[in-house]
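# Structural overview for review
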Amino acid sequence: MPKPYPEEFRRQFQGGSLVTSGDSEMRGLFSGFEGYRTPALTEVRAVLAHGVVIVDTNVLLDLYRMNRQVRGDMLTVLEALSDRLWVPHQVLVEFWRNQQQAGVLEHHHAQARDTVAAMTKARSSIGDSLKRWARAVHLAADAPIRDELNKLEEDLDATLAGLREVLERQAKVDQVAGAPDTSADPVIGKLEALLQGKVGSRPTDEELTRWVSEAKDRAQHRQPPGFRDFEDGKPDPTAAGDYIVWRQLSAEAAARGTDVLFVTRDLKEDWWRTVAVTGDRLPRVELVHELRAETGRQLYMLEPSGLLDLAQDSLDLRGRVASTSVDALREMERESATVEWSETTLCYLLAFLHRQSPVRFQVLLHAGRNNGFADRETVYKLGGYGENRMLTGFTKPVATAARRLQGLRLIDGTPEELLRAVYDGDALASGFKVPEYTIPMLKRIAERFDAHGVLMLPTDVDVDDDSRDTDAECAPEPDEG
């Protein structure tokens, strides 16, 4: 195991690279710019075999979201890492904060229920469509085709019942038995054994206070990691979580004197940079340089699918880890990847909202005209709300419309939260804001709407069953409340 550089060794940092006086003849193209170098596969395999592998909170929580096969394979890989596996204390803070939530423990049953509900809704729509057709063609009650239609509908009902049974049975297979009882939960039992002696110590109150302050200051300059959590309006101690993980990661790398492989499904821009041509993700350049400056060690990062893929050969697990598990994790990562809004996708979203929730439509346009913010008084005015009206859940219709875009494949990935509540130390929201980068786009859309009274949409995709025109009229309608 490599040893840390001795304290008496004179260091001079330039752009994050370790440089000693008098070694200018050794400098090369990547000296001080190591963050721009694409890691070779052999390097990542080497850190898997000899470095420290640090997993993020989402890797542990996702064990409940994985199906039984994928979960078993991930636990096999974590076990094979042996003493190279390490978890920051902050990761366990966040794990226990979220582990008991229904969205974690009940993931598989919830997915089955949602799918059954969608099928039930579709079946009702089919029935209604058939009735409308029968009326439109004046189909007599005793028409011979009635028996055939009834038989086909009965077959459809039987098929849907069979699908429901299959979904519920599979959910039972994949759900972690024993949860939420942590003494009977097999995932907890496995993690307890795997992580014994591999968890960082709790920081002092003074360290936590300092780190939260540092994280907040860095976020104001969009310095990674974790600035997006502050932009999302989370409380400071929660928003600082990524930075606290980073501080503990850096300290462990220095103590061990080894390179670091950080595994996370957090795909936000405050951890990763995306290569423009290939779409590949690499660690942020700033993070690579910062770790080198503080420890002299190299930072590598992988998504969970990448860990499983490389572990098959690097950890001699070929045949013990299914390739289908790698594919399943890649799909999970694709669906969870947060994508930024474009002017086109904002237009699609607004087209949905102007029909389904015109007050939110107007609030978003107002935010575009007013530096990204709509205060509480303006929201009440736009909605015509009485003083007793609460704004709890006000942003949900926007999130629902965004998920619909995702379902229609108009957005490849999970769209970023567009409308966020702002709290100024009060229990009531002081208003709502949009991400800063969307303000110019929303402003242009609002200006076109103000000038023409319609929302101009791209013509190549139908965004609503009832709205197929290129120009979607966006006059306010009564809100659903």
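Look above for the structure.
Procedures and definitions
- Residues numbered from 1 in each chain as written.
- Predicted model: local features only at pLDDT ≥ 70, side-chain atom pairs only at ≥ 80, totals over all residues.
- Heavy atoms only, no water.
- Helix = DSSP H or I, 4+ residues; strand = E, 2+ residues; numbered from the N terminus.
- Polar contact = N/O pair within 3.5 Å; in protein donor to acceptor, adjacent residues only side chain to side chain.
- Contact = heavy atoms within 4.5 Å.
- Axes fitted to C-alpha atoms, helices over the stretch in contact; angles between N-to-C directions.
- Parallel < 35°, antiparallel > 145°, perpendicular 65-115°, else oblique.
- Left-handed = near helix turned anticlockwise from the far one by under 90°.
- Patch = residues over 30% accessible without salt bridge, like charges linked within 9 Å, V, L, I, M, F, W, Y side chains within 5 Å.
- Areas by Shrake-Rupley, 256 points an atom, 1.4 Å probe, with all protein chains shown as cover.
- Salt bridge = Lys/Arg side-chain N within 4 Å of Asp/Glu carboxyl O.
- Expected span 1.5 Å × (residues − 1).
- Buried < 20%, exposed > 50% of the residue type's maximum accessible area, 1.4 Å probe, protein only.
- Arc of directions from axis to C-beta.
- Pairing = 2+ DSSP bridges.

### Regarding the side chain of Arg-420
In this structure, Arg-420 sits in strand E12 (residues 420-422). A polar contact of 3.2 Å, which involves the side chain of Arg-420, links it to the backbone oxygen of Glu-417. Ignoring sequence-local partners within four residues, the contact set of Arg-420 consists of Arg-228, Glu-231, Asp-232, Thr-395, Gly-431, Phe-432, Lys-433, Val-434 and Pro-435.

### Here we look at the packing of helix H14 (residues 304-314) against helix H15 (residues 323-336)
If you want to describe how two helices pack, look at the angle between their axes and the distance between the axes. Following both chains from N to C, one finds H14 and H15 inclined at 160°, their axes separated by 8 Å at the closest point. Classed by the angle they form, the pair H14 and H15 counts as roughly antiparallel. The interaxial crossing formed by H14 with H15 has left-handed handedness. Seen from H14, the contacting residues are Pro-304, Ser-305, Leu-308, Asp-309 and Gln-312; seen from H15, they are Ser-325, Val-326, Leu-329, Arg-330 and Glu-333.

### Description of a nonpolar patch on the surface
Together, Leu-29, Phe-30, Phe-33 and Tyr-36 line one region of the surface with nonpolar side chains, adding up to about 480 Å² of accessible area. In this fold, Leu-29 is placed in the loop between strand E2 (17-19) and helix H1 (41-50).

### A short note on the packing of helix H16 (residues 343-356) against helix H17 (residues 358-369)
Remark: H16 packs on H17, axes separated minimally by 6 Å, with the N-to-C direction vectors making an angle of 135°. As judged from the angle between their axes, H16 and H17 are oblique. For the pair H16 and H17, the contacting residues are Leu-349, Leu-350, Leu-353, His-354, Arg-355 and Gln-356 in the first and Pro-358, Arg-360, Phe-361, Leu-364 and Leu-365 in the second.

### Section: the environment of Glu-252
Turning to its location among the elements, Glu-252 is positioned in helix H12 (residues 241-256). The spatial distance from the C-alpha of Glu-252 to the C-alpha of Gly-200 is 8.1 Å, given a sequence separation of 52 residues.

### Some thoughts on helix H20 (residues 439-452)
Compared with the 20 Å implied by 1.5 Å per residue over 14 residues, the 20 Å span of H20 between its first and last C-alpha is a close match. Among the residues making up H20, those that are buried are Ile-439, Met-441, Leu-442, Ile-445, Ala-446 and Phe-449. On an axial view of H20, the arc spanned by its buried residues comes to 160°, and they lie on one face. Along H20, exposed side chains directed more than 90 degrees from the buried face belong to Ala-451 and His-452. Residue Gly-453 follows H20 closely and has a positive phi angle near 75°.

### A short note on the pattern of salt bridges
The tally for this structure, following the rule as stated, stands at 32 salt bridges. Across the pair Arg-202 and Asp-205 runs a salt bridge, and its minimum N-O distance is 3.3 Å. Notably, a salt bridge pairs Arg-218 with Glu-290, separated by 3.0 Å at the nearest N-O pair. Of this pair, Arg-218 sits in helix H9 (residues 205-220) while Glu-290 sits in helix H13 (residues 285-295), placing them 72 residues apart in sequence. Here the salt bridges do not stand alone but share partners, grouping Arg-218, Arg-247, Glu-290 and Glu-294 into one network.

### Focus: the sheet that holds strand E3 (residues 52-55)
Strand order in the open sheet formed by four strands is E4-E3-E5-E8, and the pairing between neighbours is parallel. Each edge of the open sheet carries a strand with a single partner, namely strand E4 (85-86) and strand E8 (299-302). Bridge count between E3 and strand E5 (residues 260-263): four bridges; the pairing is parallel. Bridging across to E5, Val-53 finds its partner in Leu-261. Its contacts with the sheet put H14 on E5 and E8, and the angle it makes with E8 is roughly 100°.

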